[in-house]
Amino acid sequence: MGDTMTRFLQRLAWRLAWRLAGGLLVLLAAASLTFAALHLAPGDPVTAILGGASANPTPEAIAAARHEYGLDRPLAVQYGLYLARIARGELGQSFSLHMPVIAVLRAQAPPTLALMASSLGVAWLLALLSVVPTARRGLSGAIASTLETIGAGLPQFWLGILLLWGLAFEWRLLPPAGNHGLPTLVLPTLSLAIPLAGFLAQVMRESFDLALGQPFILTARARGLGDGAVRLRHALRHALLPCIGLSSWAVGALVGNAVAIEIIFSRQGLGRALFLSVATHDMPLVSGIVLFVALVYILAGLAADTLFILVDPRLKGTRP
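Fair warning: this is a prediction, and the values are worked out from it, not measured in the lab. Along each chain, the written sequence defines residue order, and numbers are assigned to residues from 1. Thresholds applied to this predicted model are a pLDDT of at least 70 for local features of residues and 80 or more for the giving and counting of side-chain atom pairs; totals over whole chains, interfaces and linings are not thresholded and use all residues. Hydrogens and water molecules were not included; the side-chain quantities draw on all heavy atoms of the structure.

Here we come to the domain arrangement of the protein. Residue ranges for the domains trace back to a domain assignment, done automatically or taken from a database. Each domain of the protein was delimited in the assignment, giving domain 1 (1-92) and domain 2 (101-316). Taking only C-alpha atoms, the centre of domain 1 and the centre of domain 2 are 28 Å apart. Residue contacts are counted whenever heavy atoms from the two residues lie within 4.5 Å of one another. The interface is formed by 27 residues belonging to domain 1 together with 24 residues belonging to domain 2. Put simply, buried area is how much 1.4 Å-probe accessible surface two parts lose in total, over both of them, once they are put together. Between domain 1 and domain 2, roughly 2,400 Å² of surface is buried when both sides are summed, and carbon and sulfur atoms account for 75% of that area. In this description a helix means any DSSP run of H or I spanning at least four residues, a strand means any run of E spanning at least two, and both kinds are numbered starting from the N terminus. In terms of residue count, the dominant contributor to the side of domain 1 that touches domain 2 is helix 1 (residues 2-40) (16 residues). Each residue gets one label: Ala, Val, Leu, Ile, Met, Phe, Trp, Tyr, Cys and Pro are nonpolar, Asp, Glu, Lys and Arg are charged, and the others, such as Gly, are polar. In the side of domain 1 that touches domain 2, the residues fall into 17 nonpolar, 6 polar and 4 charged.

This part is about the layout of surface pockets. Roughly 440 Å³ of internal volume is contained in the largest pocket. Y69, Y82, R85, F95 and P284 are the residues nearest the centre of the largest pocket, which is lined by 23 residues in total. Residues belonging to the lining of the largest pocket are distributed by class as follows: 12 nonpolar, 7 polar and 4 charged. Taken domain by domain, the makeup of the lining of the largest pocket includes at least three residues from each of domain 1 (1-92) and domain 2 (101-316). Reported here for the second largest pocket is a volume of approximately 330 Å³. Put simply, the grid is 1 Å and covers the protein atoms alone, a cavity is a trapped set of points that fit a 1.4 Å probe, a pocket is an open set with protein on both sides within 12 Å along at least five of seven lines, and lining residues have an atom within 4 Å of a point. Taken together, 15 residues line the second largest pocket, and the ones lying closest to its centre are L27, I86, L91, L291 and L295. Those elements giving two or more residues to the lining of the second largest pocket turn out to be helix 1, helix 4 (75-87), helix 5 (101-131) and helix 12 (283-311). Class assignment for the residues of the lining of the second largest pocket results in 13 nonpolar, 2 polar and no charged. Residue assignment places the lining of the second largest pocket across two domains, with domain 1 (1-92) and domain 2 (101-316) each supplying three or more. Grid points are joined across faces, edges and corners, and a volume is the space filled by probe spheres set on the points.

All right, on to the nonpolar core then. L120, W124, L196, L200, M204, F208 and I289 are the most contacted members of the largest nonpolar core, which totals 65 residues. Sorting the residues of this core by element identifies helix 1, helix 5, helix 7 (156-170), helix 8 (183-212), helix 9 (215-222), helix 10 (227-264), helix 11 (270-279) and helix 12 as the ones contributing at least two each. Composition of this core by domain shows at least three residues from each of domain 1 (1-92) and domain 2 (101-316). L120 has contacts with L196, S247, A250, V251 and L254, leaving out every residue within four places of it along the chain. Judged by nonpolar contacts, the second largest core, of 8 residues, contains I49, L71, M283 and V286. The nonpolar core is taken to be a set of buried Ala, Val, Leu, Ile, Met, Phe, Trp, Tyr and Cys residues, with the residues joined through side-chain atoms within 4.5 Å. Burial classes: relative accessible area under 20% of the type maximum marks a residue as buried, over 50% as exposed, and values in between as partly exposed (1.4 Å probe, protein chains only).

Spelled out as C-alpha cells, the structure:
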C-alpha cells in the first residue's frame, strides 16, 4: 500500500511539473502574441494615452508621450522591456482608465470568475442529470441525447438574448442586468452553461455507454448491486475522465464567450473590459487581461490533471 501511494504521488508530481513547464511557455506565447497583435493593429496607443481622438493633442504632446512610455524605442527593445516587466510582475498603467492594470484586474476579475465557476458548475449538474439516469435506456436516452445535441448547438449570445427577452422583459422573473446579488447571475450563467452542458453530456454519454459494457460492470451486477449503485459507484467514475479534460478547455471557452454575455447583461468583468481596452488600443490593459486569462487556463489544466489522476483508478494502481 505504501509503495502504491508513493508511486502515485511521484506520478502526480511529475505530471504537474510538466504541466507547469508547459504553462510557462503558454504565458510566454500569450504575452508575445498579444504584443505583436497590438503593434500590428491599426490605431495609435498615444491617442488613448492623451485622452482619445477628441482630445486633439499637439505634436509636442504626442512626442512627449511616446518618449515617456518608451514607444519611440526600437520594437525589439520595447519587446524586451515588456517581457522584463511581466517577469517582475509589473503590468503597467492602463492608458484609457489611468490606473494600474493590477487594480483593474482586482476589480474586474471576481465577477468574471464567479460567472465562469457558476456556469461550469451548472453545466456539470445538467450533464449529470441528463446522462446518469438515461444512459442505455431506450426512449428516455434518445430524448435526452436529442436535447443534448440541441443544447450544444445553441450560440451563447443568441441564448442570452432569448433568456433576457423572455425571463427578464416579458415575464419579469429575473433582473435583466447588473452585478448585485445571485439573481443577476442566473441568466448569464444559463446562457453559458446550457450549450456547455450539451457538449459535456454528449462526451459523458458516450463514455458512460462504453463503461456500462465493461466486464467490471458485469462483475458488480453479479455481486448483487442494483442498477443505480452500479451507475453511480462504478460506471460514473470512468465516464467522468474525458469530461474532466474537456472542462479545462471549457474554462478558456467561457472567458471568450463571457465577452458577449457581459455586454448583453451589462455586467462588469474581464470580458467587457477586454472589449473596451481593444477598442481604445489600451496595450497594458489588453496584455494584463490576456495574461490573467492564460494563467487561469493554466491553473484549470493543473486542477484537471490532478482530478484526472485522483479519479482514474488505473493511475492510482487500484482496481475499479
